[in-house]
Amino acid sequence: QVQLVESGGGLVQPGGSLRLSCSASGSIFRLNYIRWYRQAPGKERELVALITTAGTTNYADSVKGRFTISRDNAKNTVYLQMNSLKPEDTAVYYCNEVLQNYWGQGTRVTVSS
């Protein structure tokens, strides 16, 4: 069952940038407390960033200073701006609405030359 929709993934060279988007399927509910996770093959799922309903943000140490999470409530969308990408950022990225435990199907990010 599709609840959230992630987009913006793709192939990018090291040092490049991508912006991921997370929105509600059909925009039929509001996004509140949102977390971005990522999972690489053979690795544990990792919390990357979060943003609360009030707009407070937090980041994993591995992405701090390179990634920025933000929200546009008018568009009911949460973004993850990823700069200075490294090969170790390669993973499938998922967004999660915490209060109702909604998930998307993920968007794949590959950082390679």
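Keep in mind it's a predicted model, so treat the numbers as computed, not measured.

(A) Summary view of the sheet that holds strand β7 (residues 67-72). With antiparallel pairing, the four strands of this open sheet are ordered in space as β1-β3-β8-β7. In the strand order of this sheet, the two ends are held by β1 (4-7) and β7, each with one partner. Between one strand axis and the next, the sheet turns by 15 degrees as a mean value, whatever way the strands run. Pairing geometry for β1 and strand β3 (residues 18-24), over four bridges, is antiparallel. When the sheet's bridge partners are listed, Val 5 is paired in β3 with Ser 23.

(B) Quick look at the side chain of Asn 96. Along the chain, the position of Asn 96 falls in strand β9 (residues 91-97). For Asn 96, a relative accessible area of 3% puts it in the buried group. Reaching out from Asn 96, the side chain makes a polar contact with the side chain of Asn 101 at a distance of 3.3 Å. At 2.9 Å, the side chain of Asn 96 forms a polar contact with the backbone oxygen of Tyr 102. Filtering out sequence-adjacent residues up to four positions away, Asn 96 remains in contact with Leu 4, Tyr 33, Ile 34, Arg 35, Tyr 37, Asn 101, Tyr 102 and Trp 103.

(C) Main features of the nonpolar core. Grouped together as the largest cluster of nonpolar side chains are 28 residues, with contacts concentrated most on Trp 36, Leu 80, Met 82 and Tyr 93. Sorting the residues of this core by element identifies β3, β4 (34-39), β5 (46-51), β7, β8 (77-82), β9 and β11 (107-111) as the ones contributing at least two each. Ranked by residues supplied to this core, first place goes to β3 with four residues. Apart from the residues lying within four places of it in its own chain, the contact partners of Leu 80 are Leu 18, Arg 19, Leu 20, Trp 36, Val 48, Ala 49, Phe 67, Thr 68, Ile 69 and Tyr 93.

How each quantity is defined
- Residues numbered from 1 in each chain as written.
- Predicted model: local features only at pLDDT ≥ 70, side-chain atom pairs only at ≥ 80, totals over all residues.
- Heavy atoms only, no water.
- Pairing = 2+ DSSP bridges.
- Helix = DSSP H or I, 4+ residues; strand = E, 2+ residues; numbered from the N terminus.
- Axes fitted to C-alpha atoms, helices over the stretch in contact; angles between N-to-C directions.
- Buried < 20%, exposed > 50% of the residue type's maximum accessible area, 1.4 Å probe, protein only.
- Polar contact = N/O pair within 3.5 Å; in protein donor to acceptor, adjacent residues only side chain to side chain.
- Contact = heavy atoms within 4.5 Å.
- Core = buried A, V, L, I, M, F, W, Y, C linked by side-chain atoms within 4.5 Å.

Worth remembering: the numbers are spatial, not functional.
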